[in-house]
Amino acid sequence: MLIKGGHVIDPKNKIDGIMDVAVKDGKIFRVASNIPANTSKKTVDATGLYVSPGFIDMHVHVFAGAEDPGYAGFGISNGFGSVAPDDFTFRSGVTTVVDAGSSGWRNFPAFKKQTIDNSQTRVLAFISITGHGMLGTVHAQDTTDMNPVTTAFIMKEYPDIIVGIKAHHYQGHDFTPVDRAIAAGRITNKPIIVDFGSSTPKLSIEELFMKHFRPGDIFTHTFSGSATSELAPGGRQSVVDANNKVKPFIFEAQKQGRIFDVGHGGGAFVWSTAINSFKQGFLPNTISTDLYRNSRNAGMKDMANVMSKFLNMGMSVQDVVLRSTWNPANVIQHTDLGHLSVGAEADVAVFNIREGKFGFMDARGSVLNGTKKLEAELTLRAGKVAWDLNGISGPQWDAVSK
Amino acid sequence: MRIKTAGISEFIQHQFVQIVQGITAVLVLILISSAVHAQEIDILLKGGHVIDPKNNIDSKMDVAIVGDKIFRVAKDIPANTSKKTVDISGLYVTPGLIDMHTHVFHGTDPNSMTANSYGGLQADAFSFRAGVTTVVDAGSSGWRNFPLFKAQSIDRAQTRVLAFLNVVGRGMVSRFDQQDVSDMNPVMNAHMINKLYPDILVGIKSAHYWGDFTSVDKAIESGKLANVPVIVDFGEHTPVNPIESLFMEHFRPGDIFTHTFSEINGGRESIVDEKSRKVKPFVFAAQKRGIIFDVGHGAGAFNFNQAIPAIKQGFLPNTISTDLYNLSMNAAMKDMSNVMSKFLAMGVSLNDVILRTTWNPAQVIKRPDLGHLSVGTEADIAVFNLKKGNFGYMDVRRTKISGTEKLEAELTIRAGRVVWDLNGISVPEWQMPATTN
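What you see is a predicted model; the values in this text were computed from it and never measured. (Residues numbered from 1 in each chain as written. Chains lettered and ligands numbered in written order. Predicted model: local features only at pLDDT ≥ 70, side-chain atom pairs only at ≥ 80, totals over all residues.)

1. Things to note about the overall build of chain A
- A tally of regular secondary structure across chain A gives 10 helices and 16 strands.
- Against the compact-globule benchmark of 21 Å for 402 residues, chain A has a radius of gyration of 21 Å, which places it among compact chains.
- C-alpha atoms of chain A, sized along the principal axes, occupy 65 × 45 × 35 Å.
- When the 402 residues of chain A are sorted by exposure, 61% land in the buried category.
- When contacts within chain A are restricted to residue pairs at least 6 apart in sequence, long-range pairs at least 24 apart make up 73% of them. (Helix = DSSP H or I, 4+ residues; strand = E, 2+ residues; numbered from the N terminus. Rg over C-alpha atoms; globule rule 2.2 N^0.38 Å. Buried ≥ 20, exposed ≤ 12 C-beta atoms within 10 Å, placed from the backbone. Contact = placed C-beta atoms within 7 Å.)

2. Brief notes about the overall build of chain B
- Assigned secondary structure in chain B consists of 10 helices and 15 strands.
- Viewed in the frame of its principal axes, chain B has a C-alpha envelope of about 115 × 45 × 45 Å.
- Burial status across chain B gives 55% buried among its 437 residues.
- Intrachain contacts of chain B at a sequence separation of at least 6 include 75% that bridge at least 24 residues.

3. Structural notes on the sheet that holds strand β7 (residues 132–142) of chain B
Residue and element names in this part refer to chain B.
- In spatial order, the strands read β6-β7-β8-β9-β10-β11-β12; together these seven strands make up an open sheet with parallel pairing. With one partner strand each, in any of the chains shown, β6 (97–102) and β12 (292–293) form the two edges of the open sheet.
- Summarising the sheet, strand β10 (residues 230–233) and strand β11 (residues 256–257) pair through two bridges and their orientation is parallel. The residue of β11 that forms the bridge with I231 is I256. (Pairing = 2+ DSSP bridges.)

4. Some thoughts on the pairing of strand β10 (residues 162–168) of chain A
Residues and elements named next belong to chain A.
- Of all seven residues that make up β10, seven are buried, and the element is covered over most of its length.
- In terms of strand pairing, strand β9 (residues 122–128) meets β10 through four bridges, oriented parallel. Within β10, the position partnered with I127 by the bridge is I165.
- Since β9 and β10 lie parallel, the crossover through helix α2 (residues 148–157) that links them has a hand, and here it is right-handed.
- Summarising the sheet, β10 and strand β11 (residues 192–195) pair through four bridges and their orientation is parallel. When the sheet's bridge partners are listed, H168 is paired in β11 with D195.
- The handedness of the β10 to β11 crossover, carried by helix α3 (residues 176–188), is right-handed. (Right-handed = clockwise from strand over helix to strand, strands pointing away.)

5. Focus on the nonpolar core
- V21(A), V98(A) and V63(B) are the most contacted members of the largest nonpolar core, which has 252 residues in total.
- If we skip the residues at most four places from it in the chain, V21(A) touches I3(A), V8(A), I28(A), V31(A), V51(A), L340(A) and V348(A). (Core = buried A, V, L, I, M, F, W, Y, C linked by C-beta atoms within 7 Å.)

6. Re the pairing of strand β13 (residues 381–394) of chain B
Residues and elements named next belong to chain B.
- Pairing geometry for strand β5 (residues 92–95) and β13, over four bridges, is antiparallel. If you follow P95 over to β13, its bridge partner there is I381.
- Relative to strand β14 (residues 400–414), β13 runs antiparallel, the two being bridged by 12 bridges. Looking across to β14, one finds that G392 is bridged to S402.
- Here β13 folds back onto β14 in antiparallel fashion, the turn holding five residues, of which R398 has a positive phi close to 65 degrees.

7. Details of the domain arrangement of chain B
- Domain boundaries in chain B define domain 1 (1–35) and domain 2 (95–414).
- Between the C-alpha centres of domain 1 of chain B and domain 2 of chain B the distance comes to 68 Å. (Domains from an automatic or database assignment.)

8. Overview of the environment of S174(B)
Residue and element names in this part refer to chain B.
- By secondary structure assignment, the location of S174 is in the loop between β8 (160–166) and α3 (186–196).
- As a C-alpha pair, S174 and D62 span 112 residues in sequence and 48 Å in three-dimensional space.
- If sequence neighbours within four positions are ignored, S174 has contacts with S112 and M113.

9. Quick look at the environment of G54(A)
Residues and elements named next belong to chain A.
- With respect to the helices and strands, the residue G54 is situated in the loop between β5 (50–53) and β6 (55–60).
- With 327 residues separating them in the primary sequence, G54 and R381 have C-alpha atoms 7.8 Å apart.
- In this view, G54 contacts G93, V94, T95, T96, D347, V348, A349, T379 and R381; residues no more than four positions away in its chain are not counted.

10. Overview of the sheet that holds strand β8 (residues 94–104) of chain A
- Taken in spatial order, the seven strands make up an open sheet running β6-β8-β9-β10-β11-β12-β13 (chain A), and their pairing is parallel. Bordering the open sheet on either side are β6 and β13 (259–260) of chain A, each of which pairs with just one other strand.

11. Regarding the interface of chain A and chain B
- Across the contact, 43 residues belong to chain A and 43 residues belong to chain B.
- Secondary-structure elements contributing two or more residues to the side of chain A that touches chain B are β7 (64–67), α6 (271–279), β14 (348–361), β15 (367–381) and β16 (384–388) of chain A.
- A total of four residues in the side of chain A that touches chain B trace back to one element, the largest contributor, which is β14(A).
- Among the residues making up the side of chain A that touches chain B, the classes are represented as 20 nonpolar, 17 polar and six charged. (Nonpolar A, V, L, I, M, F, W, Y, C, P; charged D, E, K, R; others polar.)

Here it is in structure tokens:
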């Protein structure tokens, strides 16, 4: 297949211009100007469209199942709180998702058998430092179930799929889950991702970044707090202070290799924080959705919508693509992904940027009005058309006999 | 001093007058307000073009919601009578759509087709973002596993989920199970509907049967006992069973033929003759007799070379539905609004498309409480943007037609609650939080 005439954005390979992309046997065969159409069995005209590596959504919950934690909780682990990946990925240009700790070492094999092996989307995973994964907030307090050794063991069993460890939803006024996750991370040489700060009084994120995190460790829900929530006694400290200023140590932490992930979710993206951060020069390293039951139909919606939010804040399409392809690939130590180098698996997103009047909601029920919207036109997964919004890869109906 | 004193007293007097005037104004306001029931409306959808086929409405109207019910549909309902007003000028307002053919018995049985398996999807993942508020599962479960389906999917979904019960007790576990005549039990099927779940089970499904008319006839027998229609995927008979016999000899008026526009090599007879491209005459006669033709697009059941000639010759399906499941969701089908847009592109009017996705399916499944915006009904509402531009629509052969319009679900309301808001039209603009300075 030849994708012809599109504007290729491949940040890893520093490509940003009109190029053709040739795919053969599920792999990227060639990226060059003016590859002749007659050298390809099938040519797709991508004039006016952007072509990029398939997006990597680094924070999702896709361990869908029917287990019930037995109390009002999120039931992310093998439960109703998770969603099925293929329902949301390709239609948004995503070809790889990373589950953020839905499973733990006890139930990762079930997750693999049930979801990972049954999805067309490439599904990678952080596993929870809690053995049962993200069953519920009560379970997330069980420090006796946070075992770095068994966690590292299962990670070594599945080194190509498990990319790191998640610490989350801990209400104690200490760093136990974070430190246990880091202990597992040291054994396996993998990063941790942290949904931090559910305690009252608040724990210091400066301490988290500077004293606990290693370079490469990930803080998710970056834009969840605000100048207002900063004044609340409990919860998560915000990256902005009570005067809407990005705290100086945030820049320092990012400089020292701490990763800031969006993880939009149902409650973790506030316009004022995101906009103030952007204006003051603090950009997230990775853009991700935190896709799960409560975020899918709310302000988050899907990866394309979250990416569009950054476009409308003023981020360039190149910067947005970087943060949804090559950046996350590096963060999860999967440098085989997130680019269009020759020989790489042909995961490709072809998208258009619609012009018009659009609105984008945050998690607090307020809207940013904008003029651009990213829309996935064609998505290839391992060279196969996994999504084709307008049939650009197919012939006219009456041009084909029977 | 005097001047100052006088000044103060004047000031006080002035204040007093102001206060009295203020109180009077407030009292007057309260009186006026109570006269017009100030802000008794919870949500007012203002300035949209309402299409409500049941009530013959096709014009600019406002729609008022109180609690979970439709309160009023009228021109120019004042915004100050509502707690919240959403400006939907330039948009279409319709009853929440009914997708009459879906598979939403999501689960984790690796050996199952759509019963408690990956083949079935989570209803809420596809419904609201396409304007759908009610889905009908088409036979994923049978009487043996319907209770599990209910506990696992129906009771967990925000979408209203109704269901056709599979004629086979175990539902759509596999194609082999669909052949098990000994598990087709009309009495049990009818018990399940009549005695246990009359509000959820709307009919019986027969599908994927390889033999004669046994599966259809058992479904109809069940349907007679429970007074519900049957829906038939008449798909896998070798040699094919004549659809004329199905429509004219087996079906009762109200029974449903799904996958209307499929064209497959063997298995199912097409409604449009594959040589002359003419709709077979008995198809018109069948529709006149009350046989229901449902789209059921799916992954393999919608061909332009059936649908386009049929529509040109004046044959329209009674109901437009998706056959949503894992293999159709990312292929040509995509979602309900895409399937509807496909019919617009084939020349069917917007009104005809809305009729076939609201009031028609409601009648077919005998749920006249759904599919319209009558006062007092549950407030299930879809607000659409009819996008203009160049769009393409695929069929299951992966060929396409071009179109200039596309329906996009802007706002979806389920039982009075906003469950989808594409562009944040129901919320205020963001604001900078006050700082401590």
